[in-house]
Amino acid sequence: MKVSYYTEEGFKKLKAELDYLRDVERPKASQAIAEARDKGDLSENAEYDAAKEAQGLLELKIAKMEELVSNARIIDESQLDTSKVLVLSTVKIKNKTNNAVMTYTLVAESEADLKSGKISVSSPIGKGLLGKSVGDIAEIKVPNGTIQMEIIEITR
């Protein structure tokens, strides 16, 4: 069982997607199978086979999402400790090589969105920053070596 931590907003999105798959996509898949079945001989019906395969993939996705939801924990952002980097911390870091300053929020893998500055805690940068405090240097392994990131600021 792998526990994942979510913001209230992230959990609501996850739950809404699961509800959509159950309430909208599942009936559509059943309807597609019924329509294909009505077209005759099932042994030579590619449309029926495709509909059954699509239903199987959908059920697999629903099962995975149900597991995610059941193992999800919502974090109270107002209670976050800002003395060290944790899940949902917003961290301002400086690349020691080129002095570039970046700000990221560490989130669950399913909430990661680089465009909006949200990186996964399981990404190389996320893993490297977890547990660090302001002033610490994080050694982050990337495909072309190791980069050093200085923690400048931690907020929530």
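As the structure is a computational prediction, the values presented were derived from the model and not from experiment.

Caption draft 1: Quick look at unusual backbone geometry. In the Ramachandran plot, Leu88 falls in the positive-phi region, its phi being about 75° despite a non-glycine side chain. Within the fold, Leu88 resides in the loop between strand 2 (72-74) and strand 3 (90-95). Of note, Asn99 is a non-glycine position whose phi angle comes to about 60°, a positive value. With respect to the secondary-structure elements, Asn99 resides in the loop between strand 3 and strand 4 (101-107).

Caption draft 2: How the structure looks around helix 2 (residues 46-70). When the terminal C-alpha atoms of helix 2 are compared, their 36 Å separation across 25 residues agrees well with the 36 Å that a helix rising 1.5 Å per residue should span. Considered for burial, the residues of helix 2 that qualify are Tyr48, Ala51, Gln55, Leu58, Ile62, Met65 and Val69. In this structure, the buried residues of helix 2 make contact with helix 1 (8-37) and strand 2.

Caption draft 3: How the structure looks around the UniProt feature "domain: Transcription elongation factor GreA/GreB N-terminal" (unreviewed entry) in the protein chain. Taking the UniProt record as the reference, the feature "domain: Transcription elongation factor GreA/GreB N-terminal" (unreviewed entry) is found at residues 5-74. Between the C-alpha atoms that bound residues 5-74 there is a distance of 6 Å. The span itself is 79% helix and 7% strand.

Caption draft 4: Expanded view of the confidence of the model for the protein chain. This prediction gives the protein chain a mean pLDDT of 87; 96% of its residues lie at or above 70. The spread of mean pLDDT over the elements of the protein chain runs between strand 1 (residues 4-6), the lowest at 77, and strand 3, the highest at 92.

Conventions adopted
Residues numbered from 1 in each chain as written. Predicted model: local features only at pLDDT ≥ 70, side-chain atom pairs only at ≥ 80, totals over all residues. Heavy atoms only, no water. Helix = DSSP H or I, 4+ residues; strand = E, 2+ residues; numbered from the N terminus. Expected span 1.5 Å × (residues − 1). Buried < 20%, exposed > 50% of the residue type's maximum accessible area, 1.4 Å probe, protein only. Contact = heavy atoms within 4.5 Å. UniProt positions renumbered as here; feature names shortened; annotations may be inferred. pLDDT = per-residue confidence, 0-100.

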